[in-house]
Amino acid sequence: MEDFSTTLEHRVITLKTATDVVRFSFIVRNSISYLDLGLCRYSILNHLWTSCDCCASKLPNSFINTEEKCRKIFTRSRSLLYTLHLDLPKGRECSLKDAPYSITYDLDPCIPHIAKVIPVSDILILSDSIEDAISINKEKLKILSWILKMSFSNLPLLYVLEIRTVNKFIDCFYPEITDPAIFKDFIMQFDFADWISTYEKPEILEYLLYYARHFGRKDLGEDVFPIDKIIDPCIFDRYFLNIGPILKYIDVPRFSEDDYRLYFVNISSMR
């Protein structure tokens, strides 16, 4: 158990997959409804990716329906309490559902007192789930069509998903558009700035930019989102090959002396 101390440290457990969220739904979703998310025996959803990697291999796949069971699984040293039929002093632990805001949390797996169990970003979990569905389902366009109709916090769902997930749908349209209607909806919601900061694929970028202009996407216009501004991440992230296609969609280069000075300094520092 813990060393004698006047300071009580509190630990937070982060759940990183949809399966984990369901297994611990009694705590993180205030529900005891169980769903079988084992879509495939090779599915990424079947792997436990919590922040408690030290004991992940020892964790069972059973559903967590009580706070005590959660504490027992994540704190192996707690077994001494059960062996000696002991209880912790009153006030040493708080509810895993309603932990006080005044508590400072730590991810250190050695801290015995678990004070909170939370999922990581909902978008991260959803992106992983969508990628998993894509990998085991040939009907990718049906999945994409569903995504294009959804929103998240008043934004298109496609726009807020992890860019690596969005990138997997580009293969459905490059080099040949398989469904013009879905492709038009896709390109109108596509996040160019995020994509070119992650991938250096000039041929595909030019292809996407061409159709974005063809379908009349307004936010790439000079008055709304100056397309030359997205050259910055290409330079800072060293994706120089993406700059060529971007320049083709600028009537006249519009860079100030400050821009040139900033680019010169950054490029020189990379050499």
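Check the entry above for the structure.
Residues numbered from 1 in each chain as written. Predicted model: local features only at pLDDT ≥ 70, side-chain atom pairs only at ≥ 80, totals over all residues. Heavy atoms only, no water.

> What is the right way to look at the overall build of the protein in this model?
When helices and strands are counted, the protein shows 14 helices and five strands. In the protein, 69% of the contacts between residues at least 6 apart in sequence involve partners at least 24 apart. Of the roughly 16000 Å² of accessible surface on the protein, a fraction of 54% belongs to carbon and sulfur atoms. (Helix = DSSP H or I, 4+ residues; strand = E, 2+ residues; numbered from the N terminus. Contact = heavy atoms within 4.5 Å. Areas by Shrake-Rupley, 256 points an atom, 1.4 Å probe, with all protein chains shown as cover.)

> Which parts of the structure should I look at to understand the packing of aromatic side chains?
How two aromatic rings sit relative to each other is set out by the distance from centre to centre and by the angle between their planes. Going through the model one piece at a time under the given rule, you end up with 14 aromatic pairs. Considering the side-chain rings of F190 and F192, the 5.0 Å spacing of their centres and the 90 degrees angle between planes classify their relative orientation as edge-to-face. Comparing F190 with F192, the two get one shared label, buried. Members of the aromatic cluster, connected to one another through ring pairs, are F173, Y174, F183, F186, F190, F192, W195, Y199, Y207, Y210, Y211 and F215. (Phe/Tyr/Trp six-rings, centres within 6.5 Å; stacked < 30°, edge-to-face > 60°. Buried < 20%, exposed > 50% of the residue type's maximum accessible area, 1.4 Å probe, protein only.)

> Would you mind showing me how to read the nonpolar core here?
Across soluble globular proteins, nonpolar side chains have a tendency to be buried as a group. Membership of the largest hydrophobic core comes to 42 residues, with the highest contact counts inside it found for F186, F190, F192, W195, L208 and I246. In terms of residue count, the dominant contributor to this core is helix 11 (residues 202-214) (six residues). Ignoring anything within four residues of it in the chain, the contact list for W195 reads I163, N167, I170, F190, K201, I204 and L205. Listed in part, the 17 residues of the second largest apolar core include A18, F24, V28 and F74. (Core = buried A, V, L, I, M, F, W, Y, C linked by side-chain atoms within 4.5 Å.)

> What's the story with helix 11 in this structure? I'm lost.
Helical geometry: 3.6 residues make up each α-helical turn, so side chains three or four residues apart lie on a common side. Between the first and last C-alpha of helix 11 there are 18 Å, a value that for 13 residues agrees with the 18 Å anticipated at 1.5 Å per step. Close packing links the buried residues of helix 11 with helix 9 (180-189), helix 10 (192-196) and helix 13 (243-247). Of the residues trailing helix 11, G216 is marked for its positive phi of about 80 degrees. (Expected span 1.5 Å × (residues − 1).)

> Sorry, what's going on with the pairing of strand 1 (residues 10-15) here?
On a regular strand, each side chain points to the face opposite its neighbour's, so the side chains alternate between the two faces of the sheet. Taken across its six residues, strand 1 has six buried, putting it largely inside the fold. Relative to strand 2 (residues 105-106), strand 1 runs parallel, the two sharing two bridges. Within strand 2, the position partnered with R11 by the bridge is D106. Pairing analysis gives five bridges linking strand 1 to strand 3 (residues 114-119), with the strands arranged parallel. Residue pairing across strands places V12 opposite K116, the latter belonging to strand 3. (Pairing = 2+ DSSP bridges.)

> Teacher, can you tell me more about the sheet that holds strand 3 here?
Sheet strands line up and pair through hydrogen bonds in the backbone, either parallel or antiparallel. The sheet built from three strands is open, its strands ordered 2-1-3 with parallel pairing. A strand with exactly one partner marks an edge of an open sheet, and here the two such strands are strand 2 and strand 3. Its contacts with the sheet place helix 3 (residues 67-74) against strand 1 and strand 3, and it is angled at close to 95 degrees to strand 3. (Axes fitted to C-alpha atoms, helices over the stretch in contact; angles between N-to-C directions.)

> Where do I start with a nonpolar patch on the surface in this structure?
Nonpolar side chains collect at one region of the surface, where L80, L84 and L86 lie side by side and expose about 270 Å² of accessible area between them. Mapped onto the fold, L86 is located in the loop between helix 4 (79-83) and strand 2. (Patch = residues over 30% accessible without salt bridge, like charges linked within 9 Å, V, L, I, M, F, W, Y side chains within 5 Å. Salt bridge = Lys/Arg side-chain N within 4 Å of Asp/Glu carboxyl O.)

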